[in-house]
Amino acid sequence: MSETIFSKIINREIPADIVYEDEHCLAFHDINAQAPIHILVIPKKPIPKVADANSDDQAILGHLLLKARDIAREQGYGDAFRLVINNGEAVGQTVFHLHIHILAGREFNWPPG
Ligand code: AMP
């Protein structure tokens, strides 16, 4: 997989406002926030998108979801947050390093645009 802006953040080659890190994942504020809280949770393993994950990635995918939940709680949005994963250019993915968007702090519509 070619290097992305997110692998550069993991490697500290470019700065980010990091809120959480462990051996498997990193979470940081989105540079173009779409809600009062907009944080991205990414695996350190460079999986481009959900469609590229395989059965070996089951634990890391679960870890990302639970950490997203924990981060939303820590930010004060206990049960009122939206998690979004864009999979593929056609649906708006722009960075091809898997990431979960945590969005909270405003009203959300359904279906999403
Ligand atoms: P997606 O469209 O799902 O691929 O989301 C990519 C997200 O990455 C967008 O919400 C961007 O605002 C965000 N983003 C791009 N570059 C950076 C960066 N250097 N630091 C933080 N967030 C970024």
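Structural data are supplied above this passage.
What counts, and where the lines are drawn
Residues numbered from 1 in each chain as written. Predicted model: local features only at pLDDT ≥ 70, side-chain atom pairs only at ≥ 80, totals over all residues. Heavy atoms only, no water. Core = buried A, V, L, I, M, F, W, Y, C linked by side-chain atoms within 4.5 Å. Buried < 20%, exposed > 50% of the residue type's maximum accessible area, 1.4 Å probe, protein only. Helix = DSSP H or I, 4+ residues; strand = E, 2+ residues; numbered from the N terminus. Contact = heavy atoms within 4.5 Å. Salt bridge = Lys/Arg side-chain N within 4 Å of Asp/Glu carboxyl O. Phe/Tyr/Trp six-rings, centres within 6.5 Å; stacked < 30°, edge-to-face > 60°. Pairing = 2+ DSSP bridges. Near = heavy atom within 4 Å. Polar contact = N/O pair within 3.5 Å; in protein donor to acceptor, adjacent residues only side chain to side chain.

Draft legend 1. Main features of the nonpolar core. Grouped together as the largest cluster of nonpolar side chains are 15 residues, with contacts concentrated most on Ile-39, Val-41, Leu-64, Ile-71 and Ile-102. When contributions to this core are tallied by element, the ones reaching two or more residues are strand E2 (25-29), strand E3 (37-43), helix H2 (58-74) and strand E5 (100-104). Ranked by residue count, the leading element in this core is H2, at five residues. With sequence-adjacent residues up to four places away left out, Ile-71 is seen in contact with Val-19, Tyr-20, Ala-27, Ile-39, Val-41 and Ile-102. Core analysis: the next-biggest nonpolar cluster, separate from the first, contains eight residues, Phe-6, Phe-28, Leu-40 and Ile-42 among them.

Draft legend 2. Geometry of the pattern of salt bridges. Under the defined criterion, the tally for this structure stands at six salt bridges. Here Asp-70 makes a salt bridge to Lys-67, at a shortest N to O gap of 3.7 Å. Here Asp-70 and its partner Lys-67 are both found in helix H2, three residues apart, which amounts to about one turn of the helix. In the salt-bridge network here, residues are joined through shared partners; they are Arg-12, Glu-21 and Lys-44.

Draft legend 3. Quick peek at the packing of aromatic side chains. A full pass over the atoms with the stated rule returns one aromatic pair. Taken together, a centroid distance of 5.4 Å and an interplanar angle of 75° make the contact between Phe-6 and Phe-28 edge-to-face. One end of the pair, Phe-6, is in helix H1 (residues 5-10); the other, Phe-28, is in strand E2, and 22 residues separate them in sequence. Using a relative accessible area of 7% as the deciding quantity, one classes Phe-6 as buried. Residue Phe-28 is classed as buried on the basis of its relative accessible area, which comes to 2%.

Draft legend 4. Representation of the pairing of E3 within the structure. For E3, the tally of buried residues reaches seven of seven residues, placing the bulk of the element in the interior. Burial of the side chains of E3 extends over both faces: Ile-37, Ile-39, Val-41 and Pro-43 are buried on one face and His-38, Leu-40 and Ile-42 on the other. Note that E2 and E3 share five bridges and pair antiparallel. Counted as the bridge partner of His-29 is Ile-39 from E3. Relative to E5, E3 runs antiparallel, the two being bridged by five bridges. When the bridges of E5 are listed, Val-41 appears paired with Ile-100.

Draft legend 5. Region of interest: the site of the ligand. Neighbouring the ligand are 16 residues; Asp-30, Gly-92, Thr-94, His-99 and His-101 lie closest to it. Between Asp-30 and the ligand, the recorded distance is 2.5 Å, taken from a side-chain N or O atom to an oxygen atom. Between the ligand and Gly-92 there is a distance of 2.8 Å, counted from an oxygen atom to a backbone nitrogen or oxygen. Residue assignment for the shell around the ligand shows that the elements contributing at least two residues are H1 and E2. Examining the composition of the shell around the ligand, we find that three residues originate from one element, H1, more than from any other.

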